[in-house]
Amino acid sequence: MASTMDETGRALARRFRAGDETALAELYTVHSARLHATALRLLGDPDLAAEAVQRALVRAWRAAPGFDEEREPLPWLYAIVRRTARDVHRDARRAAGGQVALDEAAHLAAEPPCLEREWLGLQVRRALALLHPDERGVLRMAYYDGMTQAEIALELGLPLGTVKSRTARALRRIAGLLHHVGGPRAAARPLGTE
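Residues numbered from 1 in each chain as written. Predicted model: local features only at pLDDT ≥ 70, side-chain atom pairs only at ≥ 80, totals over all residues. Heavy atoms only, no water.

**Overview of the overall build of the protein chain**
Defined as follows: Helix and strand assignments come from DSSP, with helices taken as H or I runs of at least 4 residues and strands as E runs of at least 2, each series counted from the N terminus. Here the open area of atoms and residues is found with the Shrake-Rupley method and a 1.4 Å probe, where only the protein chains shown may cover a residue.
Within the protein chain, the regular secondary structure consists of ten helices and zero strands. Reading the secondary structure of the protein chain in the N-to-C direction produces α-α-α-α-α-α-α-α-α-α. Summing over all exposed atoms, the protein chain offers an accessible surface of approximately 11,100 Å²; the carbon and sulfur share of this is 57%.

This is the structure in structure tokens:
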């Protein structure tokens with residue numbers, strides 16, 4: 001897929017990859033509000049969200065030499081923030097001795113309860129439970145963690161073609177298992193509610 005970045009965005013990405021600290025500051029200035037909103041939606045606590053964004057930026061900075069400068073940085077940063085938010089939530093839960101699951105906390109923080117949304121989430125969780133663990137894993141990494149298929153292949157140590165075929169097979173099975181919920185748009189929308 002071709003990059004939609006303009007030359008300014010590509011130059012910023014090149015500077016970031018090269019280790020230019022001002023590029024990191026510029027990325028933060030441009031994207032911090034959206035990253036914080038994502039972390040807040042997941043964590044439901046402004047202080048934890050700020051911590052997650054700070055940790056995510058440190059992780060992004062450490063990973064900068066491997067960043068593909070032709071890619072848009074925001075989806076990559078979103079994926080790092082989501083993974084970091086899970087870590088921050090786990091750390092906070094351990095410190096407080098609480099048992100609230102991240103998915104429940106994110107759901108409660110994101111939107112008020114809705115019977116239809118609850119039902120759809122239940123249907124998706126049931127369908128996901130029927131998938132082979134390998135298929136379920138690639139869907140979780142793609143839709144929940146925001147990873148690309150190439151990143152999933154690298155993470156799992158599999159050929160890219162294997163990841164693509166597992167993903168396609170899993171999506172076909174999910175579509176079949178969720179045919180009763182109102183079509184492909186309804187089936188695809190709540191995959192992140194796993």
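Moving on from the model shown.
**With respect to the nonpolar core**
As a reminder, the rule being used: Throughout, nonpolar core names a set of buried Ala, Val, Leu, Ile, Met, Phe, Trp, Tyr and Cys residues whose side chains join them through atoms within 4.5 Å. Burial classes follow relative accessibility: with a 1.4 Å probe on protein chains only, a residue under 20% of its type's maximum area counts as buried, one over 50% as exposed, and anything between as partly exposed. Whether two residues touch is decided by their heavy atoms; if any such pair falls within 4.5 Å, the residues are in contact.
If you look at the biggest cluster of nonpolar residues, it comprises 24 residues, and the most contacted ones within it are F16, L35, A39, A52, A60 and W76. Those elements giving two or more residues to this core turn out to be α1 (7-17), α2 (21-43), α3 (46-63) and α4 (73-96). Examining the composition of this core, we find that seven residues originate from one element, α4, more than from any other. Every residue in contact with F16, bar those within four places of it in the chain, is listed here: A23, L24, L27, A60, W61, A64, F67 and W76. A127, L128, A170 and V181 belong to the second largest nonpolar core, which has ten residues in total.

**Here we look at the packing of α2 against α3**
Filter applied, for reference: To obtain each axis, a line is fitted to C-alpha atoms, and for helices this fit is confined to the stretch in contact; angles are then taken between N-to-C directions over 0 to 180 degrees. Note that the term roughly parallel is reserved for angles under 35 degrees, roughly antiparallel for angles over 145, roughly perpendicular for angles of 65 to 115, and oblique for everything else. Each crossing is labelled by how the near helix is turned from the far one, with a counterclockwise turn of less than a right angle marking it left-handed and a clockwise turn marking it right-handed.
Viewed as axis vectors pointing N to C, α2 and α3 meet at an angle of 140 degrees, and their least axial separation amounts to 8 Å. What the angle tells us is that α2 and α3 run oblique. You can see that α2 and α3 cross each other, and the crossing is right-handed. Where α2 abuts α3, its residues E21, L24, Y28, L35, H36, A39, L40 and L43 lie against P46, L48, A49, A50, A52, V53, L57 and W61.

**Thoughts on the packing of helix α7 (residues 133-144) against helix α8 (residues 149-156)**
Where we set the bar: Each residue gets one of three labels, nonpolar for Ala, Val, Leu, Ile, Met, Phe, Trp, Tyr, Cys and Pro, charged for Asp, Glu, Lys and Arg, and polar for the others, Gly among them.
At a minimum axis separation of 10 Å, α7 and α8 run at an interaxial angle of 130 degrees. Classed by the angle they form, the pair α7 and α8 counts as oblique. Once α7 is placed against α8, the crossing between them reads as right-handed. From α7, V138, M141 and A142 reach across to α8, where they touch I152, E155 and L156. When its residues are assigned to classes, the contact of α7 with α8 shows five nonpolar, no polar and one charged.

**Quick look at the pattern of salt bridges**
Cut-off, in case you're wondering: We define a salt bridge as a contact between a side-chain nitrogen of Lys or Arg and a carboxyl oxygen of Asp or Glu at a distance within 4 Å.
Counting across every chain of the model gives twelve salt bridges. Between R10 and E7 there is a salt bridge, and its shortest N-O distance comes to 3.5 Å. Taken together, the residues R10 and E7, both in helix α1 and three residues apart, mark about one turn of the helix. Here E151 and R71 are joined by a salt bridge, their closest N and O atoms 3.1 Å apart.

**Side note on the packing of aromatic side chains**
Heads up, the condition is: Whether two aromatic rings pair depends on their centres lying within 6.5 Å, for rings of Phe, Tyr and Trp, where Trp uses its six-membered ring; planes under 30 degrees apart make the pair stacked, over 60 edge-to-face, and the rest tilted.
Applying the stated rule across the entire model yields four aromatic pairs. Both rings, one in F67 and one in W76, keep their centres 4.7 Å apart while their planes meet at 45 degrees; by these two values the pair is tilted. For the pair F67 and W76, one class covers both residues: buried. An aromatic cluster is defined as three or more aromatic residues linked by ring pairs; in this entry it consists of F16, W61, F67 and W76.

**Topic: the confidence of the model for the protein chain**
Selection criterion: Residue-level confidence of the predictor, termed pLDDT, takes values from 0 up to 100.
On average, residues of the protein chain score 78 in pLDDT, and 78% of them reach the 70 mark or higher. Least confident of the elements in the protein chain is helix α10 (residues 184-188), whose mean pLDDT is 39; most confident is helix α9 (residues 160-177), at 89. Confidence drops under pLDDT 50 across residues 100-113; counting only partners more than four residues distant or on other chains, this segment forms 24 contacts. Below a pLDDT of 50 lies the segment residues 183-194, which in the model reaches 18 contacts outside its immediate sequence neighbourhood of four places, other chains included.

**Here we look at the environment of L12**
Relative to the helices and strands, L12 resides in helix α1. Among the residues examined, L12 registers a relative accessible area of 13% and is labelled buried. Spatially, the C-alpha atoms of L12 and E26 are 8.1 Å apart, while their sequence positions differ by 14 residues. Sequence-distant contacts of L12, that is, excluding residues within four places in its chain, are made with A23, E26 and L27.

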